[in-house]
Amino acid sequence: MTAEVVTGVEPAPVTVASRGRSARLRELAPFLPAALLLGILFFVPLGVMFIFSLWTTNANLDIVPVWNLDNYAQFFQTGAYVRTLAKTVVMGGAVTTICLVFSLAVAYFLARYVSRRWARLALLVIIVPFWSSYLLRVYSWQAILGEKGALNQVLMSLGLIKEPSLLFVYNDIGTFIVLTYVYLPFAILVLYASLERFDYTQLTAAQDLGASPSRAFRYILLPQIRPGLITAAIFVFIPILGEFLTPSMVGGASGLLIANLIQTFFKNALVPQGAALGLLIVAFVTVLLIVFRKYLRVEDVYARG
Amino acid sequence: MTVLDQTHSRRRFLQLTGAVGATAALGGVLQACNVIGGGGAATTGTFNWMTWSDHYIQSQLDKIAKDTNINTSISELAGNAEGYAKLKEVKGQLDSISGDAMWVPNAYAKDGLIEPFDINELKVSTQLYSFAREFPYWQSSDGYMAYPFGWSPIMIYYDPAKVTGNPTDWQVLLDPKYKGRVVVENQPEEIVAYMARAAGFDKPYDLTDDQLTTVKGYLEKLKPNVLKFAQQATDSVAAMVSGEAWLITGNLGNEDRVKDGGGPEIKGYVPSEGTVGWHDGEMIVKEGANKALIKPFLEQSQQAELIAENFLANGRPLFNEKAYKILTDQGKQDQADRYLYSKAPEVLPTMVLKGPGTSTDKSIQLFNEVFGAG
Amino acid sequence: MAKAVDPLETMPVSRYAGLTRWGLRLIFAFLVLFLYLPIVFMVAFSFDASQTPSFPIQGPTLHWYDVMIHNRQLLSAVANTITVSLIVSVLATIIGTMAAFVLVRGRLRYPNGIRIAFTMPIMVPGVLVGISLLIFFSRAFHANLSLMTVIAGQLVVTVPFVVLIVASRLQSFDRKLEWAAADLGASPRRTLRHVVLPLIAPAILAGALICITLSIDEFVITWFTVGNQPTLPTYIYTKVKFGVTPEVNAVATVMLVATLLIFGIASVVLGRGRRRLPGRRRGAAPTA
């Protein structure tokens, strides 16, 4: 790997000899709606939130411009926040790992062994359960995993356990199962999009040349779908840092994750305190992304030949 | 690839323009609907009401709309703090909002968001228990701050088959015997307030630092006993029905809800250390464009017949005395009495009323500290 | 298995190929079971007389469907949800795809920085986005809260998903195919239509599906930006004081069945249409 900056642009046979400023502008124009949208409706309001996070709330729950860093200091002074963030990262890592492994298998199956029409139908079948209501699905999981739930009843009628087990829900296992359930379809969609156009004759060719299937998989397939794997990991891991409903519904009293602790402030109209906590999470993830940017790098795998 | 990208972008732009146009058109339609509904003279039209779902019955609203041409456009309310935060931003987009006890003077009125009114000017107010027209904290020089509606103390319910010794206080929630058998609402500031009451503090929303330290000990004992936090009131009921929970906290009437759900006969009590509770009412938003409709609307919607129907539908006591007589006439006095309908003067003093306190921030920090990862 | 295998013996296909295939089929079956198990319960509770969507089962009834039909608020919440999710997914897919093209090919100065900027709306807890939008809409725009503000708010969190997914597809995309098409005399427009778009179609489809899914379930941002037209998640949330009854399960069941029917019919109709165009979709596609 050289250290050059990769821009993803390669010399193309069709080039415009001289690019004026207007040509450059036209090239960037499609970027504008997204930039405006995020600029106006995300970054500006977020800037306001940042300022609020340096202010405080009075007893009347009004945000008052008293500059201070207490809201941030709170995070580091209270061990519970740091520990809960660490726990959330571990939970997110575990869920991301299982989602990636599982969805890679499923996406590979759909892309390689199923005709495109049926594969796309299968994707719809995978995603449609999610077009109802998050809350209702989590209620259903409570009914499945609970003490008097379906799983316990089945296990008991099979004679595998005598007493209903309290192991499946209202603890971290419950949160793990339901979060995996919630994010798996996203990972599958992303990886399928990566794998669909993969030229599988490359794998056969590699094996023809003596590579074992696993070697071919590792050195031919995985590098080419790396952008997809990274995107899938981001789609699962980062939203989990903001998950509060699942942990509070199936995680029990000891299962709260970092977003629950943020949520408690906003529920009570304590905006500065909540904003500071939320922004610390953002800072944390941004640092993670910068540290690992080498692995996230945008590059054109084909262009390297 | 410039040429390719240019063409591409032009195509995209056309598509985008189309989509934006469609959205704008949709917005126009929505706007038109608002105008059609929102205009009109002072005594008829539509007003915007942010309220809890138990404050109205759709068929009643339909009838009022038909009889008087006063239509209601409802934004649903979830919690006091959330409603208050929203009203502070949207102001005149709402004409009326519902709120609990101390939220009314300490948040809404203090901020000048609402308009007090002369409650005796409303004919229907004679149907109220007289004390409900005279809550001292709802009185101001400009009039009464809200039209009183319903109330409830927070109670403890238990399954006598599992919980022995006829508990009467908050301490039972901390008993190690009931590890993982307690379900409480997913409301951190309330959970802290319960424990403050358990510790014997009279102002659970205004705790001193010393008191907070004591409450922390209570919360730490409570934590292992909590099975889960109830997202909705029915979550606690469902946990009791299935037998997963032995002890729950909640509003009046849960013994009926558990029984209706096919669960065991449970018992409920107001904890002896005193409890927290709420009583709510309807406020008039100062900047509301259609606020003139609120009083004529209240005259209709607060009539005893309608309130009695509401009681039977939602099951908690209300402040309309005449409705109690109607319920008695209908042979429903038993039910009304079980819900303490006529017992407000005795029960209200045992409750610390919900409201924004001076220690909210610290209470939340404390909750996070205890219930965060250990 | 320690014995070294002569590479020639494994040609042309690995001896594990059949096994792999069966293993993958099993995994797929397990996946469908895993995804639909809660749905089975969700549907079952809609036919149960019990007041709450939980055990014990009290007996079959169509009562909740009757309640649902007469609950105008619930029905309009569903209609709002569908309207919002369709508009959001169309707009987000278009805006996001356009941005992804420039991000990957536009020689932007700080591609990694911009990429992280596009990841930020996913990173920031939704409640922060929601409350900042509420304050911003009312103070900066004096906007009336309506479905428009809900759509704007949801776009903020859906566009990044489309940008990232389409960009990742564009990166691992063999541009030599494009250049070959151009060399062979295809106009840029034709290249775009017949080479580029089909190649990134799966990513666009995936992006659109993710947008619909996110939009239908989006609660926090919607909660702060919604006016008097609730969506299904905000409707359910506001029942917090007295709880949801299974009429919501009923409406979710109807939505599910309707969606499956629409897709079923569409796939049959489109499948027929496709078969009449022989030879157009061969390419590098693997055969079943």
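Residues numbered from 1 in each chain as written. Chains lettered and ligands numbered in written order. Predicted model: local features only at pLDDT ≥ 70, side-chain atom pairs only at ≥ 80, totals over all residues.

A short note on the overall build of chain C
The condition that has to hold: Helix numbering and strand numbering both begin at the N terminus, where a helix is a DSSP run of H or I of at least 4 residues and a strand a DSSP run of E of at least 2. A residue is called partly exposed when the number of other C-beta atoms within 10 Å of its own lies between 12 and 20, exposed at 12 or fewer, and buried at 20 or more, with C-beta atoms placed from the backbone. Any pair of residues counts as being in contact when their C-beta atoms, constructed from backbone geometry, are within 7 Å of one another.
Check the secondary structure of chain C and you find 11 helices and 0 strands. Starting at the N terminus and ending at the C terminus, chain C contains elements arranged as α-α-α-α-α-α-α-α-α-α-α. Expressed as a percentage of its 288 residues, the buried residues of chain C come to 52%. For chain C, long-range pairs separated by at least 24 residues make up 79% of all intrachain contacts whose partners lie at least 6 apart in sequence.

What to know about the overall build of chain A
On a plain count of helices and strands, chain A comes out with 15 helices and 2 strands. Taken across its 305 residues, chain A has 50% of its residues classed as buried. Within chain A, residue pairs in contact and separated by at least 24 positions form 68% of the contacts whose partners lie at least 6 positions apart.

What to know about the interface of chain A and chain B
Quick reminder of the rule: For this classification, Asp, Glu, Lys and Arg are treated as charged, while Ala, Val, Leu, Ile, Met, Phe, Trp, Tyr, Cys and Pro are nonpolar and the rest, including Gly, are polar.
Listed as interface residues are 40 residues of chain A and, on the opposing side, 41 residues of chain B. Elements with a minimum of two residues in the side of chain A that touches chain B: helix H1 (21-28), helix H4 (79-113), helix H12 (245-250) and helix H13 (258-267) of chain A. At 5 residues, H4 of chain A tops the list of elements feeding residues into the side of chain A that touches chain B. When its residues are assigned to classes, the side of chain A that touches chain B shows 20 nonpolar, 12 polar and 8 charged.

Some remarks on the interface of chain A and chain C
Listed per partner, the contact involves 102 residues of chain A and 97 residues of chain C. Counting residues per element, the side of chain A that touches chain C draws most heavily on helix H2 (residues 32-53) of chain A, at 11 residues. For the side of chain A that touches chain C, the per-class residue count stands at 67 nonpolar, 20 polar and 15 charged.

A look at the nonpolar core
Here is the rule we go by: Here, a nonpolar core denotes buried Ala, Val, Leu, Ile, Met, Phe, Trp, Tyr and Cys residues that are linked to one another through C-beta atoms within 7 Å.
Counting 290 residues, the largest nonpolar core has Ala187, Leu189, Tyr192 and Val236 of chain A, Leu247 of chain B together with Val163 of chain C as its most contacted members. Once residues within four sequence positions are removed from consideration, leucine 247 of chain B is found in contact with Ile156, Tyr158, Val163, Val172, Leu173, Tyr178, Arg181 and Val182 of chain B.

Notes on unusual backbone geometry
All names here are of chain A. The phi dihedral of alanine 269 falls on the positive side, at around 60 degrees, and the residue is not glycine. Residue position: alanine 269 is located in the loop between H13 and helix H14 (271-291). C-beta crowding within 10 Å serves as the criterion here: with 25 such atoms nearby, alanine 269 is assigned to the buried category.

Side note on the sheet that holds strand E11 (residues 267-269) of chain B
Remark on secondary structure: sheet strands pair via backbone hydrogen bonds, oriented parallel or antiparallel. Residues and elements named next belong to chain B. Using the following cut-off: A strand pair is defined by DSSP finding two or more bridges across the two strands. For helices, the axis comes from a line fit to the C-alpha atoms of the stretch in contact; other axes are also lines fit to C-alpha atoms, and the angle between any two N-to-C directions lies between 0 and 180 degrees.
Pairing in this open sheet of 5 strands is mixed, and the strands run E9-E8-E10-E7-E11 from one edge to the other. Whereas interior strands pair on both sides, the edge strands pair on one side only; in this sheet they are strand E9 (226-230) and E11. Taking each pair of neighbouring strands and ignoring which way they run, the sheet shows an average axis angle of 25 degrees. Sitting on the sheet, helix H7 (residues 233-242) is in contact with strand E7 (155-158), strand E8 (182-185), E9 and strand E10 (247-250), with an inclination near 155 degrees to E10.

Let's talk about the environment of proline 188 of chain C
As for its position among the elements, proline 188 of chain C is in helix H8 (residues 188-217). Distance from proline 188 of chain C to glutamate 178 of chain C, taken between C-alpha atoms, is 9.0 Å for residues 10 residues apart in sequence.

Some thoughts on the packing of H2 of chain A against helix H5 (residues 126-140) of chain C
Under the convention used in this document: Put simply, angles under 35 degrees are roughly parallel, angles over 145 are roughly antiparallel, angles from 65 to 115 are roughly perpendicular, and the rest are oblique.
Where H2 of chain A meets H5 of chain C, the closest approach of the two axes is 9 Å, and the angle between their N-to-C directions is 95 degrees. Here H2 of chain A is positioned roughly perpendicular relative to H5 of chain C, judged by the angle of their axes. Contacts from Leu41, Val44, Pro45, Leu46, Val48 and Met49 of chain A of H2 of chain A reach H5 of chain C at Leu128, Ser132, Leu133, Ile135 and Phe136 of chain C.

Some details on the confidence of the model for chain A
Low pLDDT marks stretches whose predicted atomic positions should not be read closely. Residue and element names in this part refer to chain A. Under the convention used in this document: Confidence of the prediction at every residue is given by pLDDT, a number between 0 and 100.
Chain-level pLDDT for chain A is 85 on average; 90% of the residues reach the 70-or-more range. Of all helices and strands in chain A, the one with the weakest mean pLDDT is helix H15 (residues 293-296) (66), whereas H4 scores best (95). Below a pLDDT of 50 lies the segment residues 300-305, which in the model reaches 10 contacts outside its immediate sequence neighbourhood of four places, other chains included.

Digging into the environment of valine 102 of chain C
Take valine 102 of chain C: it is sitting in helix H3 (residues 72-105). Between the alpha carbons of valine 102 of chain C and threonine 213 of chain C there is a distance of 26 Å; along the sequence they are 111 residues apart. Apart from residues lying up to four places away in sequence, valine 102 of chain C is in contact with Leu28, Pro30 and Phe31 of chain A together with Leu108 of chain C.

Comments concerning the pairing of E7 of chain B
All names here are of chain B. Here E7 shows two buried faces, one formed by Met155 and Tyr157 and the other by Ile156 and Tyr158. Pairing geometry for E7 and E10, over 4 bridges, is antiparallel. Bridge pairing links tyrosine 157 to isoleucine 248 in E10. Sheet topology note: the E7/E11 ladder contains 3 bridges and is antiparallel. Bridge pairing in E11 places tyrosine 157 opposite glycine 268.

Concerning the pairing of E10 of chain B
Two faces, one strand: in a regular strand the side chains alternate between the faces of the sheet. Residue and element names in this part refer to chain B. Neither face of E10 is left uncovered, since the one carrying Leu247 and Thr249 and the one carrying Ile248 and Gly250 both have all their residues buried. Of the strand pairs in this sheet, E8 and E10 are connected by 2 bridges, and their pairing is parallel. When the sheet's bridge partners are listed, valine 183 is paired in E10 with isoleucine 248.

Brief notes about helix H14 (residues 360-371) of chain B
Residues and elements named next belong to chain B. The test is simple: Expected span of a helix: the number of residues minus one, times 1.5 Å.
Between its terminal C-alpha atoms H14 stretches 16 Å, which fits the 16 Å expected from 12 residues at 1.5 Å a residue. For H14, a buried count of 11 out of 12 residues is recorded, marking the element as mostly surrounded by other parts of the structure. By the burial criterion, the buried members of H14 are Thr360, Asp361, Ser363, Ile364, Gln365, Leu366, Phe367, Asn368, Glu369, Val370 and Phe371.

Describing the packing of helix H11 (residues 226-241) of chain A against helix H6 (residues 147-171) of chain C
Condition: Two helices that cross are described as forming a left-handed crossing if the nearer one is turned anticlockwise from the farther one by less than a right angle, and a right-handed crossing if clockwise.
Two elements in contact, H11 of chain A and H6 of chain C, have axes separated by 8 Å at closest approach and are oriented at 165 degrees. Considering the angle they form, H11 of chain A stands roughly antiparallel to H6 of chain C. As H11 of chain A runs across H6 of chain C, the sense of the crossing is left-handed. Residue-level contacts link Pro227, Gly228, Ile230, Thr231, Ile234 and Phe235 of chain A of H11 of chain A to Phe161, Leu164, Ile165, Ser168 and Gln171 of chain C of H6 of chain C.

Focus on the environment of proline 45 of chain A
Considering the arrangement of structural elements, one finds proline 45 of chain A in helix H2. Exposure remark for proline 45 of chain A: the 23 C-beta atoms within 10 Å place this residue in the buried category. In this view, proline 45 of chain A contacts Ser132, Leu133 and Phe136 of chain C; residues no more than four positions away in its chain are not counted.

Looking at the confidence of the model for chain C
Residue and element names in this part refer to chain C. Considering every residue of chain C, the mean pLDDT works out to 83; 87% of them sit at 70 or more. Across chain C, element-level confidence peaks in H3 with a mean pLDDT of 94 and bottoms out in helix H7 (residues 175-183) with 80. Taken together, the stretch residues 6-11 has pLDDT below 50 and engages in 5 contacts with residues farther than four places along the chain or on a different chain. Predicted confidence is poor over residues 275-288, with pLDDT under 50, and the contacts of this stretch with residues over four places away or in other chains come to 8 contacts. With pTM at 0.86, the complex prediction returns an ipTM value of 0.85.

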